[in-house]
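Listed below are the residues making up each chain.
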Amino acid sequence: MERYSRITEKNQREIVLLRAFPCAWGKCTFCDYIEDNGRDREEMVQENRQVLSRVTGAFGVLEVINSGSCFELPEETLEDIKEIAQRHSIGRLIFESHWIYRKRLNELREYFKIPITYKMGVETFDYEFREKVLNKHAEFQSAQEAAAYFDSICLMVGIKGQTKEMIRNDIRQLKAHFKHGTINVFNNNSTAVKRDEELVKWFMEEYQWLLDDPDTEVLYEITDFGVG
């Protein structure tokens, strides 16, 4: 498991994959990422501290991800992130949060006192597919509603049951309403959700231009950010 990396192409930054308490929702049908969660606070804090010790502030931006939301990180880890940000003159943090925490986002902005970019895993703007198939528990009805809280979103493409029109609409909504987006090409894992190879092939051909879009990152493999 690699937990530290540097992203040197688009949106240069350091990125760390930390451990946290169980995801507050934890019922998305496509996700086995939550197996990285833990309950031993001391163990997680020490492991996270070792990972964070590798941060240098080289780009002035640090992205922190974990198997859930940033609000599930141990308090001690948040303190460590704050201390490292101050020590290395990091001017912006990037966190990921579930929709259920949308009204708490300013808590960490006030705590860290530097700009924070919040990502949310939307997966798709097709409400029926998001809620009935993926079981995301993110009940917003429109991209505008999500954009009122979050700066950046993650979409998922290439799942059996998705359609080309769903994906076309998702990309349109991303480009129209959000400053930044990450598109994850689905990879089979231990869940029952499966990859649609033909849909993936179509997406990679149809949306090849996104690879050169400075505001969109496409992850063909889940480890393309260098962590995981």
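All values derive from a computational prediction rather than experimental measurement.

1. Structural notes on the overall build of the protein
Counting its secondary structure elements, the protein contains 7 helices and 8 strands. Taken over C-alpha atoms, the radius of gyration comes to 17 Å for the protein, in line with the 17 Å a tight globule of 228 residues would show. In terms of overall dimensions, the protein has a C-alpha envelope of 45 × 35 × 30 Å along the principal axes. The buried share of the protein, taken over its 228 residues, is 53%. When contacts within the protein are restricted to residue pairs at least 6 apart in sequence, those whose partners lie at least 24 apart make up 74%. Summing over all exposed atoms, the protein offers an accessible surface of approximately 10,900 Å²; the carbon and sulfur share of this is 47%. Taking the 31 positively charged and 40 negatively charged side chains of the protein as two groups, their mean positions are separated by 2 Å.

2. A short note on the sheet that holds strand 5 (residues 116–123)
Strand order in this open sheet of 8 strands is 1-2-3-4-5-6-7-8, and the pairing throughout is mixed. Each edge of the open sheet is held by one strand with a lone partner, namely strand 1 (4–7) and strand 8 (216–219). Taken pair by pair, the neighbouring strands of this sheet meet at an average axis angle of 20 degrees, ignoring direction. Bridging between strand 3 (residues 61–66) and strand 4 (residues 92–96) involves 4 bridges; their strand directions are parallel. Bridging across to strand 4, L62 finds its partner in L93. Across the face of the sheet, helix 6 (residues 164–177) comes into contact with strand 5, strand 6 (152–157), strand 7 (180–185) and strand 8 while running at roughly 170 degrees to strand 6.

3. Here we look at helix 6
For helix 6, with 14 residues, the first-to-last C-alpha span of 20 Å sits near the 20 Å given by 1.5 Å per residue. Within the sequence span of helix 6, burial applies to M166, I167, D170, I171, Q173 and L174. Taken down its axis, helix 6 places every buried residue within 160 degrees of arc, on the same side.

4. Brief notes about the pattern of salt bridges
Enumeration over the complete set of coordinates arrives at 22 salt bridges. Two residues, D80 and R49, come together in a salt bridge whose shortest N-O distance is 2.8 Å. Of this pair, D80 sits in helix 2 (residues 75–87) while R49 is found in helix 1 (residues 41–52), placing the two residues 31 residues apart along the sequence. Residue D80 is classed as buried on the basis of its relative accessible area, which comes to 15%. Here E83 makes a salt bridge to R87, at a shortest N to O gap of 2.6 Å. Here R87 and E83 lie together in helix 2, a separation of 4 residues that amounts to about one turn.

5. Concerning the nonpolar core
For soluble globular proteins, the rule of thumb is that nonpolar side chains tend to be buried together. Counting 51 residues, the largest nonpolar core has F95 and F203 as the members making the most contacts within it. Residues contacting F95, with those up to four places away along its chain left out, are V64, C70, I81, L108, F112, I116, T117, Y118 and K119. Of all hydrophobic cores here, the second largest spans 11 residues; its members include C28, L134, F186 and V193.

6. Topic: the side chain of T124
Here T124 is to be found in the loop between strand 5 and helix 4 (127–133). Residues within four places of T124 in sequence aside, it is in contact with F129, R130, L134, L155 and D170.

7. Comments concerning the packing of aromatic side chains
Two descriptors summarise a pair of aromatic rings, namely the distance from one centre to the other and the angle between the planes of the rings. The full count for this structure, using the stated rule, is 10 aromatic pairs. Summarising the aromatic geometry, the rings of Y111 and F112 are spaced 4.9 Å apart at their centres and angled 85 degrees between planes, so their arrangement reads as edge-to-face. On the basis of relative accessibility, which here comes to 27%, the residue Y111 falls in the partly exposed class. In textbook terms, an aromatic cluster arises when at least three aromatic residues are bridged by ring pairs, as seen for W99, F125, F140, Y149 and F178. Residue placement shows K82 over the ring face of Y111; its charged tip is 4.4 Å from the ring centre. Sitting over the face of the ring of F140, R130 holds its NZ or CZ atom 3.9 Å from the ring centroid.

8. Things to note about the packing of helix 1 against helix 2
Taken N-terminus to C-terminus, the directions of helix 1 and helix 2 make an angle of 20 degrees; their axes are 9 Å apart at the nearest point. Accordingly, the angle class assigned to the pair helix 1 and helix 2 is roughly parallel. Of the two elements, helix 1 crosses helix 2, and the hand of that crossing is right-handed. Contacts between helix 1 and helix 2 involve R41, V45, N48, R49 and L52 from the former and E75, E76, T77, D80, I81 and I84 from the latter. Classifying every residue of the contact of helix 1 with helix 2 gives 4 nonpolar, 2 polar and 5 charged.

What counts, and at which threshold
Residues numbered from 1 in each chain as written. Predicted model: local features only at pLDDT ≥ 70, side-chain atom pairs only at ≥ 80, totals over all residues. Heavy atoms only, no water. Helix = DSSP H or I, 4+ residues; strand = E, 2+ residues; numbered from the N terminus. Rg over C-alpha atoms; globule rule 2.2 N^0.38 Å. Buried < 20%, exposed > 50% of the residue type's maximum accessible area, 1.4 Å probe, protein only. Contact = heavy atoms within 4.5 Å. Areas by Shrake-Rupley, 256 points an atom, 1.4 Å probe, with all protein chains shown as cover. Lys, Arg positive; Asp, Glu negative; His and termini not counted. Charge placed at Lys NZ, Arg CZ, Asp CG, Glu CD. Pairing = 2+ DSSP bridges. Axes fitted to C-alpha atoms, helices over the stretch in contact; angles between N-to-C directions. Expected span 1.5 Å × (residues − 1). Arc of directions from axis to C-beta. Salt bridge = Lys/Arg side-chain N within 4 Å of Asp/Glu carboxyl O. Core = buried A, V, L, I, M, F, W, Y, C linked by side-chain atoms within 4.5 Å. Phe/Tyr/Trp six-rings, centres within 6.5 Å; stacked < 30°, edge-to-face > 60°. Lys NZ or Arg CZ within 6 Å of the ring centre and 35° of its normal. Parallel < 35°, antiparallel > 145°, perpendicular 65-115°, else oblique. Left-handed = near helix turned anticlockwise from the far one by under 90°. Nonpolar A, V, L, I, M, F, W, Y, C, P; charged D, E, K, R; others polar.

Any link to function would need more than the numbers given here.
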